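Inside the fold
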Amino acid sequence: MNAIPQDLSDLLARSPLRALNLGGRQLLPIVQGGMGVGVSGHQLAGTVARWGGVGTLSSVDLRRHHPDLMARTTGLPQDDRAKLAINAANLEAIDREVRAARAISEGRGLLAINVMRAVADYAASVQQALASGIDAVVVGAGLPLDLPDLARDHPGTLLIPILSDARGVQLIVKKWERKQRLPDAIVIEHPRLAGGHLGAAKVADLNDPRFDFERVIPECLAFFRAAGIEREIPLIAAGGIRSLADIRRVQDLGAAGVQLGTPFAVTTEGDAHPEFKRVLAEARDEDMAEFVSVAGLPARAVRTPWLASYLKAEPRLQAVAHAKSRCTKAFDCLAQCGLRDGLATWGQFCIDNQLAAALRGDVKKGLFFRGAGALPFGDQIRSVRELLERLLEGDAQPGQLAPAGA
């Protein structure tokens, strides 16, 4: 079976774009980003893969899509029993979601899972996804120096780190080479344009020109040439990609494909509540806020009532930050947590609570991560198929990707 349905393959052939060759498959040059908590579950990831793209699950707290797993982990004593039960439920949810996405994909495209390096259950989540037969493991929110070790028994599974500058790319490639493994692709994510957790050390760094695609992509390709691996590692540009013109621009720079998050999050098949999609679709760049997450990373989200209230209270909360004896939910979802560990310059809120509220469409309490730029269909909610066609065919709108240094 072809990885791309014939009609979309024909559409790609007529477009100015090149196919993405990944893992021995010729795919649409479009990767759907992994979005948690639960925003990119099996329905979205499976559908993107069915139409010939890369569909990506997010591993974070996937139990929230399974009522029986939620029931199993509700009302537990606030001690290690709760933590163990929640982690076990989430590993079971990963297995269920991989299998469900595979059924929807009908064997087309490619299925990936995004696992944040910053989560406490990172290694167990990677190993569960591998055991469940995922095609690719994508890791961001930290340097996955140990990913080749975790995947040693699964040489056929693609390993894809998310990085933001050429320095990080060189570090990963050199470290992985010592483990006799190269990345199968690398996502280059622009912190000024992406949503959610961002690949910069601090908010003030988001506009640093070292992250511009016009700089990072050529620098990475030059490093690959010097290392003799030019043809072995496709680069996938992420952040602010909204149109055919955007895709063509980064492919002209040397990228093999692109990754989009927000445009997929608001599709009909997106796994989040309709109110979640409405908030993201209607938000404009002036509605966005950048802040430090509880994971210690810069983040970008819609300035909803909860976020506005939190940012107003943040200085006071940080001034009284102190280490807690345990996680307030006995979950310990992050390896390091600003709220639990009393890290005064980090966020002081429960990120799982806020993201879960967004997933269920609670506008008053939710944290709604979103990337920059107007969406391909404005505030309309359209299907994955329509989005892919728009990206391949183009439209009358100019590309939304901001120029370098903007």
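This is a predicted model, so every value here is computed, not measured.

1. Side note on the environment of Y310
Within the secondary structure, Y310 sits in helix α12 (residues 305-319). Here the alpha-carbon distance between Y310 and R102, two residues 208 residues apart in the chain, equals 39 Å. Among all residues touching Y310, those that are not within four sequence positions of it are L317, G347, Q348 and F349.

2. Notes on helix α5 (residues 122-131)
What α5 keeps buried is the set Y122, S125, V126, A129 and L130. Take α5 and look down its axis: the buried residues cluster within an arc of 135°, on one side only. Its buried side turned inward, α5 meets α4 (80-105), β5 (110-116), β6 (136-140) and α6 (147-150). G133 sits one or two residues past α5 and shows a positive phi near 90°.

3. Things to note about the pairing of β6
Working note: regular strand, side chains alternate between the two faces of the sheet. Along β6, five of the five residues are buried, which leaves the element largely enclosed by surrounding structure. Residue alternation in β6 divides its side chains into two sets, A136, V138 and G140 and V137 and V139, and both sets are buried. Both β5 and β6 contribute to a ladder of five bridges, which runs parallel. Bridged to M116 within β6 is G140. For the segment spanning β5, α5 and β6, crossover handedness is right-handed. Sheet analysis places β6 next to strand β7 (residues 158-163), joined by four bridges and oriented parallel.

4. Details of the sheet that holds strand β9 (residues 196-197)
Hydrogen bonds between backbone groups are what pair the strands of a sheet, and the pairing can be parallel or antiparallel. What the three strands build is an open sheet, ordered β9-β13-β12; its pairing is antiparallel. The outermost strands of the open sheet, each flanked by one partner alone, are β9 and β12 (288-292). One ladder, built from five bridges, connects β12 with strand β13 (residues 298-302); its direction is antiparallel. Paired with E290 across the two strands is R300, which belongs to β13. Where α12 meets the sheet, its contacts fall on β12 and β13, and the angle it forms with β12 comes to roughly 40°.

5. So, the side chain of R300
Here R300 is to be found in strand β13. Of the polar contacts made by the side chain of R300, one reaches the backbone oxygen of P191; its length is 3.0 Å.

6. Examining the packing of helix α8 (residues 213-227) against helix α9 (residues 244-253)
Contact pair α8 / α9: the axes reach a minimum separation of 9 Å and the direction vectors enclose 35°. Contact residues: α8 offers F213, E214, I217 and L221, while α9 offers R249, V250 and L253. Taken together, the residues of the contact of α8 with α9 sort by class into five nonpolar, no polar and two charged.

7. Observations concerning the environment of A141
Structurally, A141 can be placed in the loop between β6 and α6. The exposure class of A141 is partly exposed, given its relative accessible area of 25%. Considering only alpha carbons, one finds A141 and G107, 34 residues apart in sequence, at a separation of 29 Å. Once residues lying within four places of it in the same chain are set aside, the contact partners of A141 are M116, R117, A118 and L297.

8. Digging into the environment of I104
Here I104 lies in helix α4. Along the chain, I104 and A82 lie 22 residues apart, while their C-alpha atoms are 32 Å from each other. Apart from the residues lying within four places of it in its own chain, the contact partners of I104 are H42, Q43, G46, T47 and R50.

9. A look at unusual backbone geometry
Leaving glycine out, the prevailing phi sign among residues is negative, and the prevailing peptide bond configuration is trans. Along the chain, G36 connects to V37 via a cis peptide bond; the corresponding omega equals 0°. Relative to the helices and strands, V37 is located in the loop between β3 (30-32) and α2 (42-50). Positioned with a positive phi, D61 is a non-glycine residue whose angle comes to about 50°. Along the chain, the position of D61 falls in the loop between β4 (54-58) and α3 (67-72). The phi torsion at E106 lies on the positive side, around 55°, for a residue other than glycine. As for its placement among the helices and strands, E106 is situated in the loop between α4 and β5.

10. Things to note about the packing of aromatic side chains
Within the structure shown, the criterion is met by six aromatic pairs. Ring geometry for F223 against F224: centres 5.9 Å apart, planes inclined by 50°, an arrangement best described as tilted. Three or more aromatic residues joined by ring pairs make a cluster, and in this case those are F291, W306, Y310 and F349. One cation-aromatic arrangement involves R382 over F377; the distance from NZ or CZ to the ring centre is 4.4 Å. Over the face of the ring belonging to W51 we find R385, whose NZ or CZ atom lies 4.8 Å from the ring centre.

11. As for the nonpolar core
F224, F264 and L367 are the most contacted members of the largest nonpolar core, which has 106 residues in total. Element by element, the count of residues in this core is highest for α8, at seven residues. For F224, the contacting residues outside a window of four places in its chain are V169, V173, I186, I229, E230, I233 and L235. Within the second largest apolar cluster, 18 residues are counted, among which are L22, L27, V138 and L158.

12. Overview of the confidence of the model for the protein
Put simply, the protein has an average pLDDT of 90, and 96% of its residues get 70 or more. Across the protein, the element-wise mean pLDDT spans from 76 in helix α13 (residues 338-341) up to 98 in α2.

13. What to know about the packing of α2 against α4
Taken N-terminus to C-terminus, the directions of α2 and α4 make an angle of 35°; their axes are 7 Å apart at the nearest point. In this structure, α2 meets α4 at a crossing whose hand is right-handed. Judged by residue contacts, H42, Q43, G46, T47, A49 and R50 of α2 engage E97, A100, A101, I104 and S105 from α4. In terms of residue class, the contact of α2 with α4 is built from four nonpolar, five polar and two charged.

Criteria and cut-off values
Residues numbered from 1 in each chain as written. Predicted model: local features only at pLDDT ≥ 70, side-chain atom pairs only at ≥ 80, totals over all residues. Heavy atoms only, no water. Helix = DSSP H or I, 4+ residues; strand = E, 2+ residues; numbered from the N terminus. Contact = heavy atoms within 4.5 Å. Buried < 20%, exposed > 50% of the residue type's maximum accessible area, 1.4 Å probe, protein only. Arc of directions from axis to C-beta. Pairing = 2+ DSSP bridges. Right-handed = clockwise from strand over helix to strand, strands pointing away. Axes fitted to C-alpha atoms, helices over the stretch in contact; angles between N-to-C directions. Polar contact = N/O pair within 3.5 Å; in protein donor to acceptor, adjacent residues only side chain to side chain. Nonpolar A, V, L, I, M, F, W, Y, C, P; charged D, E, K, R; others polar. Phe/Tyr/Trp six-rings, centres within 6.5 Å; stacked < 30°, edge-to-face > 60°. Lys NZ or Arg CZ within 6 Å of the ring centre and 35° of its normal. Core = buried A, V, L, I, M, F, W, Y, C linked by side-chain atoms within 4.5 Å. pLDDT = per-residue confidence, 0-100. Left-handed = near helix turned anticlockwise from the far one by under 90°.

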